Amino acid sequence: LILVEPPKRPLIPLATILVAGCATFGWSGRDTLSTTVGVPADTALRVASTQLQHHGYTVSDISGSEVITVPRRVPQYLLPLSTNSEEAAELAERQLILTVRVQPAPYSAGSRVDVTGYLVPLATKGATNMVMEDAILITEENNPTLYREVRAAAGWISDALRRQEK
């Protein structure tokens, strides 16, 4: 009786990881939108900052791998057309923040880009500043209207990164 070992295929798992790591512009996530791009992290962060500025956001560096926007009123195009409702009026007074974090992608020469949005809490009467630690994460479930802005920002960034890769 001769036992024959099945051939080992060490390249199949490696190829699977590489293909998954090289997939570009397929944003995923229900709160933080993430994708892997084929450009270095510093280039991706520069492109993301430029796109946010191009769309009216003021951007500040947090670190060499993350930027944050200055709180900005909810854009008019996200407000419901019916401005008679209290909900629409409250939303018009709210502000949002976007953050973009970029890190080198494992197993590839590209980088991972994460885009996240936060809703700034309403200031209480007499408060002179708002505590950013109390900002509310914008998700598809808790605020689908504002999540569209997070998705839009991710789209602006990915479009510009796609052009950068060419």
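Check the entry above for the structure.
Residues numbered from 1 in each chain as written. Predicted model: local features only at pLDDT ≥ 70, side-chain atom pairs only at ≥ 80, totals over all residues. Heavy atoms only, no water.

1. Notes on the pairing of strand β2 (residues 59-63)
In this sheet, strand β3 (residues 66-69) lies alongside β2 in antiparallel orientation, the contact comprising four bridges. Each bridged residue has a counterpart across the sheet, and for Val59 the counterpart in β3 is Thr69. With antiparallel pairing between neighbouring strands as the criterion, β2 and β3 make up a hairpin whose turn holds two residues. (Pairing = 2+ DSSP bridges. Helix = DSSP H or I, 4+ residues; strand = E, 2+ residues; numbered from the N terminus.)

2. Overview of the packing of aromatic side chains
Tallied over the entire structure, the rule returns one aromatic pair. Arg72 extends its terminal NZ or CZ atom over the ring of Tyr57, reaching a point 4.1 Å from the ring centre. (Phe/Tyr/Trp six-rings, centres within 6.5 Å; stacked < 30°, edge-to-face > 60°. Lys NZ or Arg CZ within 6 Å of the ring centre and 35° of its normal.)

3. Here we look at helix α4 (residues 144-165)
Look at α4: 31 Å from first C-alpha to last across 22 residues, which is about the 32 Å you get at 1.5 Å a residue. Taken as a whole, α4 has its buried residues at Leu146, Tyr147, Glu149, Val150, Ala153, Ala154, Trp156, Ile157, Ser158, Ala160 and Leu161. Those residues of α4 that are buried lie in contact with β1 (33-37), α2 (41-54), α3 (86-93), β5 (95-104) and β6 (111-120). (Expected span 1.5 Å × (residues − 1). Buried < 20%, exposed > 50% of the residue type's maximum accessible area, 1.4 Å probe, protein only. Contact = heavy atoms within 4.5 Å.)

4. Focus: the pattern of salt bridges
The final tally for this structure, using the stated rule, is three salt bridges. Glu66 is the salt-bridge partner of Arg101, the closest N and O atoms lying 3.0 Å from each other. Taken together, the residues Arg101 in strand β5 and Glu66 in strand β3 connect sequence positions 35 residues apart. Of the residues examined, Arg101 reaches a relative accessible area of 39% and is grouped as partly exposed. (Salt bridge = Lys/Arg side-chain N within 4 Å of Asp/Glu carboxyl O.)

5. Here's the deal with the packing of α2 against α4
Two quantities define a packed helix pair, namely the angle between the helix axes and the distance between the axes. Two elements in contact, α2 and α4, have axes separated by 9 Å at closest approach and are oriented at 130 degrees. The orientation of α2 relative to α4 falls into the category oblique. The hand of the α2/α4 crossing is right-handed. Of the residues in α4, those touching α2 at Thr43, Ala44, Arg46, Val47, Ala48, Gln51 and Leu52 are Ala153, Trp156, Ile157, Ala160, Leu161, Arg163 and Gln164. Of the residues that constitute the contact of α2 with α4, the class distribution is nine nonpolar, three polar and two charged. (Axes fitted to C-alpha atoms, helices over the stretch in contact; angles between N-to-C directions. Parallel < 35°, antiparallel > 145°, perpendicular 65-115°, else oblique. Left-handed = near helix turned anticlockwise from the far one by under 90°. Nonpolar A, V, L, I, M, F, W, Y, C, P; charged D, E, K, R; others polar.)

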